[in-house]
Amino acid sequence: KAGVTQTPRYLIKTRGQQVTLSCSPISGHRSVSWYQQTPGQGLQFLFEYFSETQRNKGNFPGRFSGRQFSNSRSEMNVSTLELGDSALYLCASSSGAGATTDTQYFGPGTRLTVL
Amino acid sequence: AQRVTQPEKLLSVFKGAPVELKCNYSYSGSPELFWYVQYSRQRLQLLLRHISRESIKGFTADLNKGETSFHLKKPFAQEEDSAMYYCALRTDSWGKLQFGAGTQVVVTP
């Protein structure tokens, strides 16, 4: 099976711009979760989508949003970028069935740099 | 509030020596706990979960609800164990994982 893929792998933006990141889950997986990884805050949960619906949300401002398409691919959007949004954004997919054996598989991440 | 604490940022051990990575959590319900590992230039991947009670790559971890701990242990460290290790907590049936800050393990020959 192909793993989780994320595009683009690297992005450079300036403050005030907006950005869209994409995640393609493993075939058959219906849940996609997003995480932000920074040296200062570590790995923080952003949100999770399952069957095109946001099922869970972390403590991030409304500038961070996401969506999921019918093929389970997901995008996250950050509007009005701030310097502090510079981070590695990780996406993870799982079956989403809620079983205790359900495993999250992570993508390689998108490195966002805000100048 | 739920929290995962990994007190050691860096663990340096010699090859063949035992290694133990500490993880403590705070959660009043029944937790699901995981250890994830990230080798250099590789993506984050699941190492083991408490419910499986299995040994992966020689690593084991036991959930101690009394001490709210889930420490990761390996009796004989190998150089290929050098990596970043994250303890993670899941408190519902869905995808949200709460991660600790991570412990960098360096195994020297």
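As a starting point, this report considers the structure included with it.

A short note on the environment of Q78 of chain B
All names here are of chain B.
Alright, step 1. Here Q78 shows up in the loop between β8 (69-74) and β9 (83-90).
Alright, step 2. In sequence terms Q78 and V106 are 28 residues apart; their C-alpha atoms lie 9.6 Å from each other.
Alright, step 3. Ignoring any residue separated from it by four or fewer positions in sequence, one finds Q78 in contact with K15 and V107.
Alright, step 4. A polar contact is formed between the side chain of Q78 and the backbone oxygen of F76, at a distance of 3.4 Å.

Let's talk about the side chain of S22 of chain A
Alright, step 1. Within the secondary structure, S22 of chain A sits in strand β3 (residues 19-24).
Alright, step 2. The contacts of S22 of chain A, once residues within four sequence positions are left out, are T5, Q6, T7, W34, R73, S74 and E75 of chain A.

Comments concerning unusual backbone geometry
Alright, step 1. Cis rather than trans, the peptide bond between T7 of chain A and P8 of chain A has omega equal to -10°.
Alright, step 2. Checked against the element boundaries, P8 of chain A lands in the loop between β1 (5-7) and β2 (10-13).
Alright, step 3. A positive phi is found at K57 of chain B, a non-glycine position, where the angle reads about 55°.
Alright, step 4. With a phi close to 45°, T68 of chain B is a non-glycine residue in the positive phi region.
Alright, step 5. Within the fold, T68 of chain B resides in the loop between β7 (60-64) and β8.

Side note on the nonpolar core
All names here are of chain B.
Alright, step 1. Core analysis: the biggest nonpolar cluster contains 24 residues, and L21, W35, L47, L48, F70, L72 and Y85 have the highest contact counts within it.
Alright, step 2. Listing elements by their share of this core, those giving two or more residues are β2 (10-14), β3 (19-21), β5 (32-38), β6 (45-49), β8, β9 and β11 (103-108).
Alright, step 3. When residues of this core are assigned to their parent elements, the largest contribution, four residues, is made by β9.
Alright, step 4. L21 has contacts with E8, L11, W35, H71, L72, Y85, T103 and V105, leaving out every residue within four places of it along the chain.

Structural notes on the sheet that holds strand β7 (residues 64-68) of chain A
All names here are of chain A.
Alright, step 1. Judged by pairing direction, the sheet is antiparallel, and its four strands sit side by side in the order β1-β3-β8-β7 without closing on themselves. Of all strands in the sheet, those bounded by a partner on one side alone are β1 and β7. On average, each strand axis in the sheet is tilted by 20° relative to the strand beside it, whichever way the strands run.
Alright, step 2. Sheet topology places β3 next to strand β8 (residues 74-78); five bridges connect them, and they run antiparallel. Opposite S22, over in β8, you have E75 as the bridge partner.

Quick notes on the interface of chain B and chain A
Alright, step 1. The interface of chain B with chain A comprises 17 residues on the first partner and 22 residues on the second.
Alright, step 2. Summing the contributions of chain B and of chain A, the shared interface buries around 1,700 Å²; its carbon and sulfur component is 52%.
Alright, step 3. When the buried surface of chain B facing chain A is broken down by residue, R43, W94 and K96 of chain B rank first, second and third, together holding 31% of it.
Alright, step 4. For the pair chain B and chain A, the interface holds zero salt bridges.
Alright, step 5. Of all the secondary-structure elements, those providing two or more residues to the side of chain B that touches chain A are β5, β6 and β9 of chain B.
Alright, step 6. Residue contributions to the side of chain B that touches chain A peak at three residues, all from β5 of chain B.

Section: the packing of aromatic side chains
All names here are of chain A.
Alright, step 1. Throughout the structure, instances matching the rule amount to 11 aromatic pairs over all chains.
Alright, step 2. Where F47 meets Y49, the ring centres are 5.6 Å apart and the plane angle is 70°; that geometry is what we call edge-to-face. The two residues F47 and Y49 agree in class, both being buried.
Alright, step 3. It is R55 that lies over the ring of F50; its NZ or CZ is 4.2 Å from the centre.

Structural notes on the environment of S12 of chain B
Alright, step 1. Inspection of the secondary structure puts S12 of chain B in strand β2.
Alright, step 2. Put simply, S12 of chain B and V106 of chain B are 94 residues apart on the chain and 4.8 Å apart in space, counted from C-alpha to C-alpha.

Calculation rules
The written sequence of each chain sets the order in which its residues are numbered from 1. Labels are handed out in written order, letters beginning with A for the chains and numbers beginning with 1 for the ligands. Restriction of local features to residues with pLDDT of at least 70 applies here, the model being predicted, together with a cutoff of 80 or more for giving and counting side-chain atom pairs; totals for whole chains, interfaces and linings are based on all residues. The side-chain numbers reported here are obtained from all heavy atoms of the structure, hydrogens and water having been left aside. Runs of H or I in DSSP of at least four residues are treated as helices and runs of E of at least two as strands, each being numbered from the N terminus. By definition, residues are in contact when any of their heavy atoms lie within 4.5 Å. Under this definition, polar contacts are N or O atom pairs within 3.5 Å; protein pairs additionally need one hydrogen-donor-capable and one acceptor-capable atom, and for neighbouring residues in sequence, both atoms have to be side-chain atoms. We define the nonpolar core as a collection of buried residues of types Ala, Val, Leu, Ile, Met, Phe, Trp, Tyr and Cys that are connected through side-chain atoms lying within 4.5 Å of one another. Only protein chains enter the accessibility calculation, which uses a 1.4 Å probe; a residue whose area is less than 20% of its type maximum is buried, one above 50% is exposed, and one in between is partly exposed. Strands are labelled as partners when DSSP assigns at least two bridges between them. Axis geometry follows a simple rule: fit a line to the C-alpha atoms, using only the stretch in contact for helices, then measure angles between N-to-C directions, giving values from 0 to 180 degrees. Defined here as a combined quantity, buried area equals the accessible surface (1.4 Å probe) lost by two parts on assembly, summed across both. Each reported salt bridge corresponds to a side-chain nitrogen of Lys or Arg within 4 Å of a carboxyl oxygen of Asp or Glu. Aromatic rings from Phe, Tyr and Trp, taking only the six-membered ring of Trp, are treated as a pair when their centres fall within 6.5 Å; an angle between ring planes under 30 degrees marks them as stacked, one over 60 as edge-to-face, and anything in between as tilted. Two limits define a charge over a ring: the Lys NZ or Arg CZ must be within 6 Å of the ring centre, and within 35 degrees of the ring normal.

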